[in-house]
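Observations on the model geometry
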Amino acid sequence: QVQVVESGGGLVQPGESLRLSCAASGFTFSSYTMTWYRQPPGKGRELVASITSTGGSTSYADSVKGRFTIIRDNAKNTVYLQMNSLKPEDTAVYYCNARQTSWPWVNYWGQGTQVTVSS
């Protein structure tokens, strides 16, 4: 049974930090690229950060570069998103995505975790 479960969201003030976790099970985690997406209120889903299956390469949206860090622990089947210097515009539901690195390029999604940045 495949599971992708996000946690760590919450309400924080501008400038504070949060660390999101995404725990995966039921598939070969180390064969999947992991990506964090977010969906702000009333807007579409956007890519935040991505990390390759081995963790050797990462990429970030321009809006979060220098503030967010994505890391993964293949031994724990978990990917993290460390978010520092949070801004109100970071408010969104954050989703974890697992994408297989070879055919059939299966995608799995978590249910999302809410992050609210407000004073």
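Some details on the pairing of strand β1 (residues 3-7)
Where burial is concerned, the two faces of β1 differ: the one with Val4 and Glu6 is buried and the one with Gln3, Val5 and Ser7 is not. One ladder, built from five bridges, connects β1 with strand β3 (residues 18-25); its direction is antiparallel. By the bridge assignment, Ser7 is partnered in β3 with Ser21.

Observations regarding the nonpolar core
Soluble globular proteins tend to bury their nonpolar side chains together. By size, the foremost hydrophobic cluster in this structure holds 28 residues, and its most contacted members are Met34, Trp36, Val79, Leu81, Met83 and Tyr94. Contributing elements (two or more residues each) for this core: β3, β4 (32-39), β5 (46-51), β7 (68-73), β8 (78-83), β9 (92-100) and β11 (113-117).

What to know about the packing of aromatic side chains
By convention here, two paired aromatic rings are described through the distance between centres and the angle between planes. Evaluated as defined, the whole model comprises four aromatic pairs. Taking the centre distance of 4.9 Å and the plane angle of 35° together, the rings of Phe27 and Tyr108 count as tilted. Highlighted residues: Phe27 in the loop between β3 and β4 and Tyr108 in strand β10 (residues 107-109), separated in sequence by 81 residues. A connected cluster of aromatic rings, assembled from ring pairs, spans Phe27, Tyr32 and Tyr108. It is Arg45 that lies over the ring of Tyr95; its NZ or CZ is 3.8 Å from the centre. Note that Arg45 overlies the ring of Trp109, its terminal NZ or CZ placed 4.6 Å from the centroid.

About the thresholds
- Residues numbered from 1 in each chain as written.
- Predicted model: local features only at pLDDT ≥ 70, side-chain atom pairs only at ≥ 80, totals over all residues.
- Heavy atoms only, no water.
- Buried < 20%, exposed > 50% of the residue type's maximum accessible area, 1.4 Å probe, protein only.
- Helix = DSSP H or I, 4+ residues; strand = E, 2+ residues; numbered from the N terminus.
- Pairing = 2+ DSSP bridges.
- Core = buried A, V, L, I, M, F, W, Y, C linked by side-chain atoms within 4.5 Å.
- Phe/Tyr/Trp six-rings, centres within 6.5 Å; stacked < 30°, edge-to-face > 60°.
- Lys NZ or Arg CZ within 6 Å of the ring centre and 35° of its normal.

So far we have only geometry, and geometry alone does not tell us how the molecule works.
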